[in-house]
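Coordinate inspection notes
Each chain is listed here by its residues.
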Number of protein chains: 2
Amino acid sequence: MAYLERELGTQFGGRNSPGAGAGVADPKAYASFASFGGKTSKYDGHSVIYFEGDAARRLYELSSGTVMLFKLLPDGRRQVVEVLRPGDIFGFSAADEYDCTAETLISSEIHELDLRLVDGSAELQRKLTKCLTNQMKVLHEHAVLLGRKSAVERVASFLMYLVPGRGGTECVGPADETNDGFDIELHMTRQEIADYLGLTIETVSRVVSDLKRRGIIRVDRADRIHLHKVCSLCQMTGFH
Amino acid sequence: MAYLERELGTQFGGRNSPGAGAGVADPKAYASFASFGGKTSKYDGHSVIYFEGDAARRLYELSSGTVMLFKLLPDGRRQVVEVLRPGDIFGFSAADEYDCTAETLISSEIHELDLRLVDGSAELQRKLTKCLTNQMKVLHEHAVLLGRKSAVERVASFLMYLVPGRGGTECVGPADETNDGFDIELHMTRQEIADYLGLTIETVSRVVSDLKRRGIIRVDRADRIHLHKVCSLCQMTGFH
DNA sequence: TTAGTCCTATGATCTATATCAAGAAATTCG
DNA sequence: CGAATTTCTTGATATAGATCATAGGACTAA
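Residues numbered from 1 in each chain as written. Chains lettered and ligands numbered in written order. Predicted model: local features only at pLDDT ≥ 70, side-chain atom pairs only at ≥ 80, totals over all residues. Heavy atoms only, no water.

An unreviewed UniProt entry lists chain A under the name Transcriptional regulator, from Roseibium aquae.

Spelled out as structure tokens, the structure:
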């Protein structure tokens, strides 16, 4: 299933540089979603695309921006289950209702396609399998994070996800030993990060402050962070 | 995507009765895996089918028994990321290596298929999409459990998963008000349950003892539990 | 500019669950 | 069968992270 690796929306841990819009704007994409019809819409930040429980009628592909999928418990506890990047597909449903709420984190362009079109195209099926398989892998890693990692390891892993080609088990190490810094944009509030990492907002804030105090990161704006030394952050993810 | 609901390996929370071997032994199955070739093998309990990092060459369908997928951190922490039931497919890989280790929990029959066959068949593609979508939904619910539920809620949710057609958000309530009991077989040791629920073995043991003391369950054997009143257990899952 | 709102940070305290430490049941094996 | 091994249970204690409380910053609108 090596073909699954090519121009796939890489979400986290992938090799494409962020914002490259993998496979979307690219006309020679393996199976561009837009070529199957449907329409593209623009959403503001923090707009709900659909609610958990809504009738599942459409499939969506994120063209640009960031989207999160989350679930709520009746008492208000929230778990963000996926954070999606350009090229990712969402809106799959095993039943006839969406199992999560989908909401943009920042202003985003999203292409939508009627679900009935999916049955017809083998090409589209293949693209779906590819995307689902990749998301599955990300969910597996996230289960390890939620079930077995400490607060520091969770935050370190989260930050490392945003560094293309680094972190995870297959980290290649710094390209340039003398300059292993990197700038990342979180696109998420502390509350959203907390709900993604299974922590409280206070714990996320404290861990970030601690990393700052220890000289691992510099916080330029709440959601704009410079990693001074990617490798030392990577050592804190639990993967090493 | 309503078609996804039909005779699918339901893992947890589905409607089929357990052991019905949904879609496997059934010759008129939507797209039976065996009809695409490959072979069926018998595995003892606690046998490894493949290791995380092995080259991904085959796709597997569980015909009978139970299989778990897990990941290890270098220091030995383990997270069981999926528990599979008959009809479920595993061995998908987004890269060219398996991202989890697959191990039987009890003696099991497993059908294997060369990955190269997958590209060819649209029918098989559809079956895969269906199965992946369902597993994705289960992973989403599990992320909520791992990220946001208390120890009691986790164990209660785990036990409820093993009661077909009950638990979850869409619980139908007892068929017979006067007799809401049910017998379940865990097929897992306390350690495996702990690693699935993101807890320690001691915490799992204590919660089970507590449910026993409170008259919610009766423990016939360590892995054979009678639920006296399914509804009251369901009230403890966090879903209500 | 000033008030209003929302988000973030940080201190003090609490508590659920982990960890450490034995025993008690099961299960396996000679 | 009885010994050995593994799994499970239970108690005592420690601690990571939650909760509670408050203040500081940053952005928005008038």
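Regarding the packing of aromatic side chains
The test is simple: In this scheme Phe, Tyr and Trp rings, the latter by its six-membered ring, pair at centre separations within 6.5 Å, and the angle between planes marks the pair as stacked below 30 degrees, edge-to-face above 60, and tilted otherwise. Numbering of helices and strands runs from the N terminus, with a helix taken as a DSSP run of H or I at least four residues long and a strand as a DSSP run of E at least two residues long. Only protein chains enter the accessibility calculation, which uses a 1.4 Å probe. A residue is then buried if its area is under 20% of the maximum for its type, exposed if over 50%, and partly exposed in between. Working rule: Lys NZ or Arg CZ, within 6 Å of ring centre, within 35 degrees of ring normal, means a charge sits over the ring.
Counting across every chain of the model gives 10 aromatic pairs over all chains. Measuring from ring centre to ring centre gives 6.1 Å for Phe158(A) and Tyr196(A), while their planes differ by 70°; the resulting arrangement is edge-to-face. On the criterion of sequence distance, the pair formed by Phe158(A) in helix α3 (residues 151–161) and Tyr196(A) in helix α4 (residues 190–197) is long-range, its members being 38 residues apart. Classification of Tyr196(A) by relative accessible area gives buried; the value is 1%. In this structure an aromatic cluster arises from ring pairing among Tyr50(A), Tyr60(A), Phe90(A) and Tyr98(A). Across the ring face of Phe239(A), the terminal group of Lys149(A) is positioned such that the distance to the ring centre comes to 3.6 Å. Here Arg78(B) stacks its cationic end above the ring of Phe70(B), 5.0 Å away from the centre of that ring.

Details of the protein's contact with DNA strand C
Put simply, the test is: One heavy atom within 4 Å of a molecule or strand is enough for the residue carrying it to be called near that molecule or strand. Whenever two N or O atoms come within 3.5 Å, that pair is a polar contact, provided that in protein one can donate a hydrogen and the other can accept it, and provided that, for residues adjacent in sequence, both atoms are side-chain atoms. As a working rule, the residues Ala, Val, Leu, Ile, Met, Phe, Trp, Tyr, Cys and Pro are called nonpolar, Asp, Glu, Lys and Arg charged, and the rest polar, with Gly in that last group.
If you check the shell around DNA strand C, you find 16 residues, and the closest are Ser205(A), Ser209(A), Ala151(B), Thr203(B) and Arg206(B). In the model, a phosphate oxygen of DNA strand C is placed 2.9 Å from a nitrogen or oxygen of the Arg190(A) side chain. Looking at the surface near DNA strand C, the elements with two or more residues in it are α5 (201–213) of chain A together with α5 (201–213) of chain B. Here the surface near DNA strand C takes five residues from α5(A), the largest share from any one element. Partitioning the surface near DNA strand C into residue classes produces three nonpolar, seven polar and six charged.

Quick notes on the environment of Thr66(B)
Rules: Any two residues having at least one pair of non-hydrogen atoms within 4.5 Å are treated as being in contact.
Position of Thr66(B) relative to the elements: it lies in the loop between β3 (58–64) and β4 (67–72). Those residues within four positions of Thr66(B) in sequence are excluded, and the remaining contacts are Val83(B), Leu84(B), Arg85(B), Thr104(B), Leu105(B), Ile106(B), Ser108(B) and His187(B).

Re the pattern of salt bridges
Selection rule: A carboxyl oxygen of Asp or Glu within 4 Å of a side-chain nitrogen of Lys or Arg is what we treat as a salt bridge.
According to the stated counting rule, one finds 30 salt bridges over all chains in the structure shown. The salt bridge partner of Arg77(B) is Glu153(A), with a shortest N-O separation of 2.8 Å. Placement of the pair is Arg77(B) in the loop between β4 and β5 (78–84) and Glu153(A) in helix α3, with the two residues belonging to separate chains. Under the relative-accessibility criterion, Glu153(A) is labelled buried at 13%. Among the ionic contacts, a cluster of salt bridges with common partners joins Asp75(A), Arg77(A) and Glu153(B).

A word on the interface of chain A and chain B
Counted only if it meets this: Here the quantity called buried area is the total loss of accessible area, with a 1.4 Å probe, experienced by two parts when brought into contact, counted for both.
The interface is formed by 54 residues belonging to chain A together with 54 residues belonging to chain B. Of the roughly 4800 Å² buried between chain A and chain B on both sides combined, carbon and sulfur atoms contribute 62%. Taken together, the connections running from chain A to chain B amount to four salt bridges. Between chain A and chain B we count 18 residue pairs in polar contact (both at pLDDT 80 or more) in total. Broken down by secondary-structure element, the contributors of at least two residues to the side of chain A that touches chain B are β4 (67–72), β5 (78–84), α2 (122–148) and α4 of chain A. If one sorts the elements of the side of chain A that touches chain B by residue count, α2(A) sits on top with 19 residues.

A word on the relation of the copies chain A and chain B
One chain copy maps onto the other through a rotation about an axis and a shift parallel to that axis. Put simply, the test is: Least-squares superposition of the copies uses the C-alpha atoms of those residues scoring a pLDDT of at least 70 in each of them.
Screw-axis analysis of chain A against chain B gives a translation of 0.0 Å along the axis, an RMSD of 0.0 Å, and a rotation angle of 180°. On the angle and the small slide along the axis, the relation comes out as a two-fold axis. A symmetric contact is evident, with 100% of the interface residues of chain A recurring at the interface of chain B.

What about the confidence of the model for chain A?
Test applied: Confidence scores here are pLDDT values: one per residue, from the predictor, ranging 0 to 100.
Averaged over all residues, the pLDDT of chain A equals 85, while 86% of them reach at least 70. Across residues 1–31 of chain A, where pLDDT falls below 50, the model places 75 contacts with residues more than four positions away in sequence or in other chains.

Things to note about the protein's contact with DNA strand D
Around DNA strand D, the structure places 16 residues, and the nearest of them are Ala151(A), Thr203(A), Arg206(A), Arg190(B) and Ser209(B). Taking Ser205(B), its side chain carries an N or O atom lying 2.8 Å from a phosphate oxygen of DNA strand D. Between a base nitrogen of DNA strand D and a side-chain N or O atom of Arg206(B), the distance comes to 2.9 Å. Broken down by secondary-structure element, the contributors of at least two residues to the surface near DNA strand D are α5 of chain A together with α5 of chain B. Per-element tally for the surface near DNA strand D: the top contributor is α5(B), with five residues. For the surface near DNA strand D, the class distribution of residues is three nonpolar, seven polar and six charged.

Points about helix α2 (residues 122–148) of chain B
All names here are of chain B. To keep things clear, this is the line we draw: The length a helix should cover is 1.5 Å for every residue beyond the first.
Helix length check: α2, at 27 residues, gives a terminal C-alpha distance of 39 Å against a target of 39 Å (1.5 Å per residue), a fit within 8%. Among the 27 residues in α2, 24 count as buried, and that is most of the element. Among the residues of α2, the N-terminal cap falls to Ser-121, whose side-chain oxygen and the backbone nitrogen of Glu-123 are separated by 3.3 Å.

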